[in-house]
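# Summary of structural features
What follows is each chain in one-letter form.
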Amino acid sequence: MSDGESSKEVEPCVKKRRKNDEFAQAIARIAVGQVCESVGFQGFQQSALDTFSDVACKYVSEIGKVSGFYAGLAGRTECNVFDVIQGLEDLNLSQGFVGASDRDSCLSGSGIVKDLSQYVNLSEEIAFAYSIPSFPVVKERKSTPSFLQAGETPPTDDIPPWLPMFLDPKTHTEETQLMPEQKVLDPPSSKLEQLPARNGSAFPVVDEHVDNPFNPFLAVPLQPGEKEFSVVSLPAKLKEEDVVQNHSNHVSDLDQSGPTNQAVKKSSCDTKVGSGMVVLESRPQVQMKFQMGKKLLSSASRPDGKGKEKVATWFMNDEVWDKKEKRKEKLPKVEMEIDEHTGNDSVVN
Amino acid sequence: MNHNQQSNEVRHDDENALSDFLASLTDYTPTIPDELVEHYLAKSGFQCPDVRLTRLVAVAAQKFVSDIAIDALQHCKARQAAVVRDKKDKQQKEKRLIMSMEDLSKALQEYGVNVKHQEYFADNPSAGLESASRDE
C-alpha cells in the first residue's frame, strides 16, 4: 500500500470538489485497498484506486437513499432491515440474484440476504487498518444566554426577555488591536458608543477612515503616484501609432515617471527601468500571430537572436512550408506527452 | 391448509435465517469501517440507530467492492496471459498484479458504472487528427 504522501497528489480542480470530504475519501481509499489486497491485487494505479473508492462511497450513499425512500414510502422516518434489503435488491437487480424474478416472496428470504450471509461465512474477516474516531466532529457552540437565563432585565420594555443578551459593550467599543483572523472589527470609541444605545443594535460599526495597520483591506486607498511601482514597457508598435490617440497621454506620463522611479524593483522583472525606449530595444519583440485552425498559435519571446530568426521563417514561408512536415514535427512531441502522461500514472504499492 | 402451514414454516425459517445473520453481523467486523458507512448514510438521509443495519450496509458494500475487484483481477490476469502467449517470455508471468484503470472500467461496465478514462490529452483540438480532416 502506498504511503500517505503519494496518495495526496490530486489535480487542483478535483481537490476543490473533495475539500470537505477528504478525510472520508482517504479512509475509503484505504478500506477499498485492503479489500482489493485480500482479493489478490498486489498494487494499484493511483487513479484506479481513487475512482474505485469514489464508486464505493457512491454505492453506500445510494443504498442510504433508496432505503430512506422505501422507509418514507411506508410512512416511517427510520429505516429498518426490510428497507435496506429492498434497497439492496433494487441496486443489485442489474447483476441478478436468486429469486429476483419472484413477485411475492418475503423479503427475509431474499436471495440478497443469502448471498450476503454466504459471503460473511466464507470470506476472511479483515479489520480496518486504523482506528477511526467518529466523524464529522460537531463543534459545540457557546450561544449567548438569554436575558432570562442570565437573570437580567432587558434595557428597554420592548425587548422580550427570552431573547439573547446584548454583548458586553466593551467588546465592540474599545480600540483593540486586530488579529488578521478576526472578522468582527473594533472601531474607535467616542461617537460610536452612542450608536448601540440609540438603535439597540449590538453590531459594531466600522469607521472607514481608520487606517488600521493590521487589516490591509481597511487601509486608506493609495493616491496616484504615492507608491512606487515597476513601469510596464509598451511594445514599439503601440508607441508609434498612438501619437493622436488617447494612449499618448499615458505614454508620456510613463516616460516622465520612468526616470524618477529608478529605485523600483517590485516584481521580478529583469528589465531596467531607465527610460521606456531603452527597455524596448534590449528586449526582443513579442510576435503574436493569430490564425484560424491548424496554423501555429505561437507567441515566442526568446532572449537570443536565433529564436527570432526561426519565428520569422515560420511566418515568412507559410505557403512554402509543407504542412505535413509541420505536423510531423508536432506529432512526436504529442506522443512524447502521451508517454509522459501514462508514465506519471504512478503505481501505488 | 397444508400449503399455508408449509409457507408459514418457510417464512419462519427465513426469518430465523435473517435474525441469525443479523446476530452474526455483530461478531463480524467488515473491512469498511462503521464510521465511514455511517457518515455516508447520514449524508444521504438514512436514519437508523441500530448498528446491525450499518454493518449490513457495510457488508453489502464490501461484497460489492470485492466482486468488482475479482472481475478486475480476472481481466488483469487474462491480459497478462495474452501477453505471455505473444512474447513467450516466462519472465512476464512474474509481473505483479496491478489494478489499472482499464481493468477497472471493464469490470465496472458490467455493473452499470461507466468510467471512461481519457485515452490521451491534446493541447489543441486538431492534435492527432488525420491530414484529410485538417484541410479547411
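The structure we're discussing is the one just above.
Below or above, wherever it landed, is the structure these notes cover. Not measured: the values here are computed from a predicted model.

## Describing the overall build of chain B
- Helices and strands together make up the secondary structure of chain B, namely five helices and one strand.
- Along the chain direction, N to C, the helices and strands of chain B fall in the order α-α-α-β-α-α.
- Looking at chain B as a whole, 40% of its 136 residues are labelled buried.
- Relative to all contacts within chain B whose residues are 6 or more apart in sequence, the contacts with residues 24 or more apart total 57%.

## Overview of the overall build of chain A
- Each helix and strand counted, chain A has 13 helices and four strands in total.
- Total accessible area on chain A is roughly 24800 Å²; 55% of this is exposed by carbon and sulfur atoms.

## A closer look at the nonpolar core
- Among the nonpolar cores identified, the biggest contains 67 residues, and Phe41 and Phe52 of chain A are the most heavily contacted of them.
- Looking at this core, the elements with two or more residues in it are helix H2 (22-39), helix H3 (46-73), helix H4 (81-92) and helix H5 (111-122) of chain A together with helix H1 (2-27), helix H2 (34-43), helix H3 (51-87) and helix H4 (101-110) of chain B.
- For this core, the element with the highest residue contribution is H3 of chain B, accounting for 14 residues.
- Not counting residues up to four positions away in its chain, the partners in contact with Phe41 of chain A are Cys36 of chain A together with Ala69, Ala72, Leu73, Cys76, Leu97, Ile98 and Met99 of chain B.

## What about the interface of chain B and chain A?
- Contacts between the two partners involve 65 residues from chain B and, on the opposite side, 71 residues from chain A.
- When the buried area of chain B at its contact with chain A is split by residue, Thr31, Tyr40 and Met99 of chain B rank highest and sum to 11% of it.
- Counting across the interface, chain B meets chain A through one salt bridge.
- One salt bridge connects Lys43 of chain B with Asp21 of chain A, and the closest N-O pair in it is separated by 3.4 Å.
- Applying the counting rule to chain B against chain A returns 14 residue pairs in polar contact (both at pLDDT 80 or more).
- Of all the secondary-structure elements, those providing two or more residues to the side of chain B that touches chain A are H1, H2, H3, strand E1 (98-99), H4 and helix H5 (131-134) of chain B.
- At 17 residues, H3 of chain B tops the list of elements feeding residues into the side of chain B that touches chain A.
- When grouped by side-chain class, the residues that make up the side of chain B that touches chain A number 40 nonpolar, 13 polar and twelve charged.
- As paired elements, strand E1 (residues 43-45) of chain A and E1 of chain B share two bridges and run parallel to each other. The partner of Phe44 of chain A across the bridge, within E1 of chain B, is Met99 of chain B.

## Brief notes about the packing of aromatic side chains
- Summed over all chains, the structure comprises five aromatic pairs over all chains.
- On the numbers, 6.4 Å between centres and 40° between planes, the contact of Phe41 of chain A with Phe44 of chain A is tilted. Neither Phe41 of chain A nor Phe44 of chain A differs from the other in exposure class; each is buried.
- Taken together, a centroid distance of 3.8 Å and an interplanar angle of 0° make the contact between Tyr59 of chain A and Phe64 of chain B stacked. With one member in each of two chains, Tyr59 of chain A in helix H3 and Phe64 of chain B in helix H3 form a pair that bridges those chains.
- Here the aromatic cluster, defined as three or more aromatic residues joined through ring pairs, consists of Tyr59 of chain A together with Phe64 and Tyr111 of chain B.

## A look at the packing of H2 of chain A against H3 of chain A
Residue and element names in this part refer to chain A.
- Running from N to C, H2 and H3 cross one another at 105°; their axes reach a closest spacing of 9 Å. As summarised for this structure, H2 and H3 are arranged roughly perpendicular, according to the angle between their axes. Where H2 abuts H3, its residues Gln25, Ala28, Arg29, Val32, Gly33 and Cys36 lie against Leu49, Asp50, Phe52, Ser53, Asp54, Ala56 and Cys57.
- Looking at side-chain class alone, the contact of H2 with H3 contains seven nonpolar, three polar and three charged residues.

## Remarks on the packing of H3 of chain A against H4 of chain B
- With their axes 9 Å apart at the nearest point, H3 of chain A and H4 of chain B run at an angle of 25° to one another. With respect to each other, H3 of chain A and H4 of chain B are oriented roughly parallel. Crossing of H3 of chain A against H4 of chain B: the hand is left-handed. Along the contact surface, H3 of chain A presents Ser47, Ala48, Thr51, Phe52 and Val55 of chain A, while H4 of chain B presents Met101, Leu104 and Leu108 of chain B.
- Of the residues that constitute the contact of H3 of chain A with H4 of chain B, the class distribution is six nonpolar, two polar and no charged.

## Comments concerning the environment of Phe135 of chain A
- By the element assignment, Phe135 of chain A lies in the loop between H5 and helix H6 (147-150).
- Along the chain, Phe135 of chain A and Phe23 of chain A lie 112 residues apart, while their C-alpha atoms are 9.1 Å from each other.

## Points about the pattern of salt bridges
Residue and element names in this part refer to chain A.
- Applying the stated criterion across every chain yields a total of ten salt bridges over all chains.
- Glu62 serves as the salt-bridge partner of Lys65, at 3.8 Å between the closest nitrogen and oxygen. Of this pair, Lys65 and Glu62 are both found in helix H3, three residues apart, which corresponds to roughly one turn of the helix.
- Overall, the relative accessible area of 47% leaves Lys65 in the partly exposed class.
- Asp83 is paired through a salt bridge with Arg76; the nearest N and O atoms lie 2.7 Å apart.

## Concerning H4 of chain A
- Along its twelve residues, H4 of chain A runs 16 Å from first to last C-alpha, staying within 8% of the 16 Å computed at 1.5 Å per residue.
- Along H4 of chain A, the residues classified as buried are Val81, Asp83, Val84, Ile85, Gly87, Leu88, Glu89 and Asn92 of chain A.

## A look at the environment of Asp14 of chain B
- Within the secondary structure layout, Asp14 of chain B lies in helix H1.
- We classify Asp14 of chain B as buried; its relative accessible area is 16%.
- Filtering out sequence-adjacent residues up to four positions away, Asp14 of chain B remains in contact with Ser108 and Gly109 of chain A.

## Some words on H5 of chain A
Residue and element names in this part refer to chain A.
- Relative to the 16 Å expected for twelve residues at 1.5 Å per residue, H5 spans 16 Å between its end C-alpha atoms, a close match to the ideal helical length.
- Within the span of H5, buried status applies to Gly111, Ile112, Val113, Leu116, Tyr119 and Val120.
- Two to three positions downstream of the cap, the backbone nitrogen of Ile112 sits 3.1 Å from a side-chain oxygen, assigning the N-cap of H5 to Ser110.

Reading the values: rules and limits
Residues numbered from 1 in each chain as written. Chains lettered and ligands numbered in written order. Predicted model: local features only at pLDDT ≥ 70, side-chain atom pairs only at ≥ 80, totals over all residues. Heavy atoms only, no water. Helix = DSSP H or I, 4+ residues; strand = E, 2+ residues; numbered from the N terminus. Buried < 20%, exposed > 50% of the residue type's maximum accessible area, 1.4 Å probe, protein only. Contact = heavy atoms within 4.5 Å. Areas by Shrake-Rupley, 256 points an atom, 1.4 Å probe, with all protein chains shown as cover. Core = buried A, V, L, I, M, F, W, Y, C linked by side-chain atoms within 4.5 Å. Buried area = accessible area lost by both parts, 1.4 Å probe. Salt bridge = Lys/Arg side-chain N within 4 Å of Asp/Glu carboxyl O. Polar contact = N/O pair within 3.5 Å; in protein donor to acceptor, adjacent residues only side chain to side chain. Nonpolar A, V, L, I, M, F, W, Y, C, P; charged D, E, K, R; others polar. Pairing = 2+ DSSP bridges. Phe/Tyr/Trp six-rings, centres within 6.5 Å; stacked < 30°, edge-to-face > 60°. Axes fitted to C-alpha atoms, helices over the stretch in contact; angles between N-to-C directions. Parallel < 35°, antiparallel > 145°, perpendicular 65-115°, else oblique. Left-handed = near helix turned anticlockwise from the far one by under 90°. Expected span 1.5 Å × (residues − 1).

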